[in-house]
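An overview of the molecular structure
Okay, here's what each chain looks like letter by letter:
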Amino acid sequence: MCIYKKHILFSLLVILLGLLTACSGGAGQTNQADSDMKIYHSDTGDVKVPAHPKRIAVLAASYTGNLLKLGITPIAVNEWPKKNKFYEGKLDRVEVIGNDSLEKLLALNPDLIIAYSNDKNLKKYAEIAPTVAFTYEKHNYLEQHIEIGKLVGKEKEARAWVKEWQEKAEAAKKKVHEAIGDDATVTVLESYGKDVYVYGNNWARGTEVIYQALGLKAPKKVEQDVFGTGYKAISAEVLPQYAGDYLFVGTGYGAADNSFMETEVWKRIPAVQKNHVITFDSNSFNFNDPITLENELDFIVNALTKEKR
């Protein structure tokens, strides 16, 4: 089917669904009474959204766990949250929506869509339901949870979790610093394809826990080259320049190539020789929502405080 015909078909489906929901009193945006709506001040402008949305499609993978923690199961997600082991059993009946699955999304009749601000389909989503787009880098992980809470009418619950998390993190921080000292440095690495990536202090993979919640230091080279941008691709040959006293290494991506861990350069790194290398599941650590963070905190604290390996 040519692109023009697909566009016509999609437009007709939008119109048809709008007519059906208007007549049947369904949950689509076309039949929401003004009293059931509110204005949410999003990263891309004000959006009129349901005050208490019931059918949320989360097409920005990072925010799935925020909804789950607030007691809301989305009706649709993209493929990545399904791979997070920390969500096990929580998304079994949730539909998967790909980048080009607009007809499927339309058929699910969402009353709210959450996406990234750089998603190429934002205008098309907005034809289906009120769409709120977040800019990933704009909010830290705690602010983001509160924003999600505001959006779905659960700000009180979101703020309560933040307070609880800060108290738990402070206790964990004391425990870790007593175990490894105040000056120990930590580096977070991950391979994707043939590239090796070093991560900053706010790019998931446990970085929010390690550098922010636990207050651990990164090597100076990581601070200088990576903290500003969030991540940096490097060659295996320069790994020693970025290596801290402890190395957290992501594994599990289908396209990952961890052969760098077999090189002589890697084996000569002091942290490797001291057995201070901790591997984590990239598919699960690739998030920074409350459910993931709680599991990461337990994993990281246990790894750093147990007896010398």
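Residues numbered from 1 in each chain as written. Predicted model: local features only at pLDDT ≥ 70, side-chain atom pairs only at ≥ 80, totals over all residues. Heavy atoms only, no water.

**Concerning the pairing of strand β8 (residues 186-192)**
Regular strands have side chains that alternate between both faces of the sheet. Taking burial as the measure, the seven residues of β8 include six buried ones, the bulk of the element. Pairing geometry for β8 and strand β9 (residues 195-199), over four bridges, is antiparallel. Bridging from a neighbouring strand, Glu190 pairs with Tyr197 of β9. The antiparallel pairing of β8 with β9 creates a hairpin that spans two residues between the two strands, and Gly193 there sits at a positive phi of about 65 degrees. (Buried < 20%, exposed > 50% of the residue type's maximum accessible area, 1.4 Å probe, protein only. Helix = DSSP H or I, 4+ residues; strand = E, 2+ residues; numbered from the N terminus. Pairing = 2+ DSSP bridges.)

**Concerning the nonpolar core**
The biggest cluster of nonpolar side chains holds 80 residues, and the ones touching the most others in it are Leu151, Trp165, Leu214, Leu239, Phe248, Trp266 and Leu304. Here this core takes eight residues from helix α6 (residues 155-180), the largest share from any one element. In this view, Trp165 contacts Tyr141, Leu142, Val209, Ala213, Leu293, Glu294 and Leu297; residues no more than four positions away in its chain are not counted. Judged by nonpolar contacts, the second largest core, of 14 residues, contains Ala76, Ile97, Leu102 and Ala115. (Core = buried A, V, L, I, M, F, W, Y, C linked by side-chain atoms within 4.5 Å. Contact = heavy atoms within 4.5 Å.)

**Describing the sheet that holds strand β3 (residues 56-58)**
Taken in spatial order, the five strands of this open sheet run β5-β4-β3-β6-β7, and their pairing is parallel. In this open sheet, the two edge strands, each paired with only one partner strand, are β5 (95-96) and β7 (131-134). Direction of pairing for strand β6 (residues 112-116) relative to β7: parallel, over a ladder of four bridges. Residue pairing across strands places Ile113 opposite Thr131, the latter belonging to β7. Helix α5 (residues 141-151) rests against β6 and β7 of the sheet, and its axis sits at about 170 degrees to β7. (Axes fitted to C-alpha atoms, helices over the stretch in contact; angles between N-to-C directions.)

**Describing the sheet that holds β9**
What the five strands build is an open sheet, ordered β10-β9-β8-β11-β12; its pairing is mixed. Edge positions in the open sheet fall to β10 (231-234) and β12 (277-281), since each of these has one partner strand only. Ignoring which end each strand starts from, the neighbouring axes of this sheet average 30 degrees apart. As paired elements, β9 and β10 share four bridges and run antiparallel to each other. Counted as the bridge partner of Val198 is Lys232 from β10. Relative to β12, helix α13 (residues 290-305) is tilted by about 165 degrees, and along the sheet it contacts β11 (246-251) and β12.

**Considerations on the confidence of the model for the protein**
Detailed reading of the predicted coordinates is not advisable wherever pLDDT falls low. Across the protein, pLDDT averages 90, with 87% of residues at or above 70. The low-confidence segment residues 1-10, where pLDDT is below 50, has six contacts with residues more than four positions distant or belonging to other chains. Predicted confidence for residues 14-31 stays below pLDDT 50, and this span has 23 contacts to residues more than four positions away or in other chains. (pLDDT = per-residue confidence, 0-100.)

**Here's the deal with the packing of aromatic side chains**
Summed over the entire model, instances satisfying the criterion amount to 17 aromatic pairs. Ring centres of Phe86 and Phe285 lie 6.0 Å apart, and the angle between their planes is 50 degrees; on these two criteria the pair is classed as tilted. Here Phe285 lies in helix α12 (residues 282-285) and Phe86 lies in the loop between β4 (76-77) and β5, a separation of 199 residues in the sequence. Since its relative accessible area comes to 21%, Phe86 is described here as partly exposed. Seen in terms of ring centroids, Phe260 and Trp266 are 5.3 Å apart; in terms of plane orientation they differ by 85 degrees. Their pairing is edge-to-face. Exposure remark for Phe260: the relative accessible area of 4% places this residue in the buried category. Every member of this aromatic cluster is reached through a ring pair, and the members are Tyr136, Tyr197, Tyr199, Trp203 and Tyr231. (Phe/Tyr/Trp six-rings, centres within 6.5 Å; stacked < 30°, edge-to-face > 60°.)

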